[in-house]
Amino acid sequence: MAKFITAQEAAKLIPDGATVGFAGMGLSGWPEEIACAIRDNFKETGHPRDLDLKQGSALGDWGYGNQFEGWDRTRRPGGPDKEHGNRGITRLGEAGPGLVAKWSAAHIGSAFALTELVRQNKIQCHCLPQGVIVNLWREIAAGRPGLMTKIGLGTFVDPRIEGGKMNEVTTEDLVELVEFQGEEYLFYKSFPVNVAILRGTTADENGNITFEHESMMNEGLSVAMAAKNTGGIVIVQVEYVTKGGTMNPKEVKIPGILVDYVVQATDPMACWQAEGVYFEPAFSGQIRKPMDALPRLPLGDRKIICRRCAMELKPGAIANLGVGIPADVASVVAEEGYTDKVTLTAETGGIGGVPSALPNFGSNYNPECIMLHNDMFDMIDGGGLDITVLGLAQADEAGNLNVSKFGPRLTGPGGFINITQSAKKVVFCGNFMAKSKEHVEDGKLIIDQEGTIHKFVKEVEQITFSGRYARPDQTILYVTERCVFQLIDGKMTLIEIAPGLDLEKDILAHMDFKPEISPDLKLMDAGIFQEEWGGLDTVLGQ
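Heads up: these notes are all about the structure in this document. Residue positions are given per chain, counting from 1 as you read along its sequence in written order. Selection of residues for local features in this predicted model requires a pLDDT of at least 70, selection of side-chain atom pairs for listing and counting requires 80 or more, and totals for whole chains, interfaces and linings are taken over all residues. The side-chain numbers reported here are obtained from all heavy atoms of the structure, hydrogens and water having been left aside.

What about the nonpolar core?
Buried Ala, Val, Leu, Ile, Met, Phe, Trp, Tyr and Cys residues form a nonpolar core when they are joined through side-chain atoms within 4.5 Å. Any residue under 20% of the maximum accessible area for its type is buried, any over 50% is exposed, and the rest in between are partly exposed; the area is computed with a 1.4 Å probe on protein chains only. With 80 residues, the main nonpolar core has Leu53, Ile89 and Trp103 as its most contacted residues. Note on conventions: DSSP H or I runs of at least 4 residues are helices, E runs of at least 2 residues are strands, and numbering of each starts at the N terminus. Counting residues per element, this core draws most heavily on helix H4 (residues 130-141), which supplies six residues. Setting aside residues up to four positions removed in sequence, Leu53 forms contacts with Val20, Phe22, Ile89, Leu92, Val100, Lys102, Trp103, Ser104 and Leu114. By size, the runner-up hydrophobic cluster in this structure holds 77 residues, among which are Met492, Met511, Trp533 and Leu540. Contact between two residues is taken to exist if any of their heavy atoms lie within 4.5 Å; hydrogens are not considered.

Remarks on the sheet that holds strand S7 (residues 175-180)
In this scheme, strands are said to pair when DSSP sees at least two bridges between them. With antiparallel pairing, three strands are arranged side by side in an open sheet as S6-S8-S7. Where the open sheet ends on each side, the last strands, each with one partner, are strand S6 (146-149) and S7. Taking the axes of each pair of neighbouring strands and ignoring which way they run, one obtains an average angle of 30 degrees across the sheet. Pairing of S7 with strand S8 (residues 183-189), which is carried by six bridges, proceeds in the antiparallel orientation. Looking across to S8, one finds that Val178 is bridged to Tyr185. Packed onto the sheet, H4 meets S6 and S8 and runs at close to 130 degrees relative to S6. Axes here mean lines fitted to C-alpha atoms, for a helix over just the part in contact, with angles spanning 0 to 180 degrees between N-to-C directions.

Quick notes on the pairing of strand S33 (residues 475-479)
Within S33, four of the five residues are buried, which leaves the element mostly enclosed by the surrounding structure. Summarising the sheet, strand S27 (residues 425-429) and S33 pair through five bridges and their orientation is parallel. The residue of S33 that forms the bridge with Val426 is Ile476. Of the pairings in the sheet, the one linking S33 to strand S34 (residues 483-488) comprises three bridges and is antiparallel in character. Residue pairing across strands places Tyr478 opposite Phe485, the latter belonging to S34. Hairpin connection, S33 to S34: the antiparallel pair is bridged by three residues.

Looking at the pattern of salt bridges
Note on definitions: salt bridges are taken to be side-chain nitrogens of Lys or Arg within 4 Å of carboxyl oxygens of Asp or Glu. Using the criterion set out here, one finds 35 salt bridges in the structure. Two residues, Arg91 and Glu32, come together in a salt bridge whose shortest N-O distance is 2.7 Å. Residue Arg91 is found in the loop between strand S3 (51-54) and strand S4 (100-105), and its partner Glu32 is found in helix H2 (residues 32-45); the two are separated by 59 residues along the sequence. For Arg91, a relative accessible area of 0% puts it in the buried group. Within the structure, one salt-bridge network assembled from shared partners comprises Glu32, Arg39, Asp40, Arg91 and Glu94.

A word on the packing of aromatic side chains
Within a pair of aromatic rings, the relevant descriptors are the distance that separates the centres and the angle that separates the planes. In summary, the pairing rule links any two rings of Phe, Tyr or Trp, Trp by its six-membered ring, whose centres are within 6.5 Å, and it sorts them by plane angle into stacked for under 30 degrees, edge-to-face for over 60 and tilted for everything else. Counted according to the given criterion, the structure contains ten aromatic pairs. Aromatic side chains Phe22 and Trp30 sit 5.2 Å apart centroid to centroid with 40 degrees between the ring planes, which places their arrangement in the tilted category. For the pair shown, Phe22 and Trp30 are each scored as buried. Between Phe180 and Tyr185, the aromatic rings sit 6.3 Å apart at their centres with planes inclined by 70 degrees, giving edge-to-face as the arrangement. Looking at Tyr185, the relative accessible area reads 17%, which means it is buried. In this structure an aromatic cluster arises from ring pairing among Phe416, Phe428, Phe465 and Tyr478. Charge over a ring is defined by NZ of Lys or CZ of Arg lying within 6 Å of the ring centre and within 35 degrees of the ring normal. When the ring centre of Phe191 is taken as origin, the NZ or CZ atom of Lys54, which lies over that ring, is 4.4 Å away. Over the ring of Tyr185 we find Lys150, and its NZ or CZ is 4.4 Å from the ring centre.

In C-alpha cells:
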C-alpha cells in the first residue's frame, strides 16, 4: 500500500546517480511541488546529485502562463516567474551544476535553466524522437532489450550523423544502427529506472491514481511499470485524496500496486492542467465549449499560411497539427465551420475537437477521445495519419528540415521525426523569412520590412527531417505566406507564388539556393488573402 508523504520527504528518497523518469507535456502531468523540493534539498545538502533525467515530451513553461488567470505567482513553489517561465523540469537546473549529470528528452527548449547547462557543457544531453521515448518505457517494463524501428534514420538521431547528441560532452551511444532481414533499423536501448516521479489528479488511500482533470492521458502507467519492474520506486503527486474503494475502477490510470509514495500538493498552483490555464474543463471532457467561443485569428501572414495549409485537407482526413503556426490551422478549420469534416488530433492523444495552440499545446478543446500518449504514437508510426502540418524553421535544397538546433539555441525534435516519417502527406509551414513584417491589403501581401534571417538555406544546421529518406508515396509541401514549394524527385520545386510579389526580388533573392521552378507555376489562391474566405467549401464541403 502506498505511503503518503510530503514533497520534502520524497526528495530525500532519491539516491545519488539515480535514473529518474517523468511523463507528460508542458505542465500536464508535471509534479511541480516535488521538483521544487528536489531542487531545494540539493541546495541545502548537496543531494541528490548526478541524476540522469528521462522524459518523452517537453516538460516546461514558455512563460505564457504569466499572462493568464490573474493568479498570484508569488504563491506557488519557487516564487514568481522571471523573464521566462520557470515551471517544469527546468526547476532541476535552477540549483546549478551537480544535481543533474545527464538528460534525455524529445524536446528541451522550454526548460531554460537546464538547457543553459547543456550549452555550457555542464551536463550531457541526448534528444531522441518523442514517440520512441514514450514507447521505450513499455519495452523496459516488459523486460525487453529495447525498441527497434526505422524512426530516426537519416536524421541527426542516426548514429552515422550525430546519434542525438546535443553537445560536446555527450559521448554515450544510446542508439545503434542494426540490420534486420536486409533492412536498416535503429535500435534504442533499454535501461533500468530507479525512480519514477509522476502526477495524477486524485489518489485514494490505496494509492490508486486517476487523471480526471488532466488534459491528456500521458505515459505515466508505462513509466511506473518500467520503474517497478527494474527495481525502482514510484512517487506520484496529486491534488486530491479520496477514501479507498470509492474510485470507479475504469477511471484508475495507475493502479496502487505500482505506487510506493503519494504526495498531495499543498499548493494548487503546483497542479496546472496546461501552461496557460490552471483548469479548462473543455480539455478534460467535463464540458463542451461552443465553437464561437474559441480564439479567432486576425487576417495577416499567419492566417494566410494556415488557410493555405487547410486547403490540403480532404473530407474524412485524420490530421495532426504541430506546435506554433501549424496549431492555428485548427482555428481556421473551426472558423470555417468544418471541424466535423476532418478529425484533428494532437500527438499526445487527443482525437477530435479543436487542438489548442500555445500556451496549451497538446490539449484539445472538446475532444471525442483522449488516447494514451503511447498508443497515439503507435497509430502515427504505423501510418495512421493522412496529413500532418508542422513547423518550418529552416529548410535546404535537399528538402531537409531543421527544427531542433540553431546555433546556441537547443530545442530538440519533439514528435517531429515520428510524424514526418510516417504521415501520408507532410505540410511544413512557417514565414518565408524570420523577422519580416508584412500585412495584407486589397487581397495582396505587402512586405513592409524585409526579414533579417534566411530560412531557406544551402544546408540545414541539423537534420530533423531528411528529404532523402522521404518515402516515394509521401507528398511533401513547404508552405509560406509568399510561396509554396514541393519536394519533387528530391528537389525543392517552387509551385505557387503570392499575388503581387516579384519572383526574383521577393523570393529568389532571399534564398541561399536556387530552387527548381515549376513550368506550371501558379498564383496562390487569392481567396486566402481576403478578410472572409469560405474557401474550405470547395475542399471540404463535399
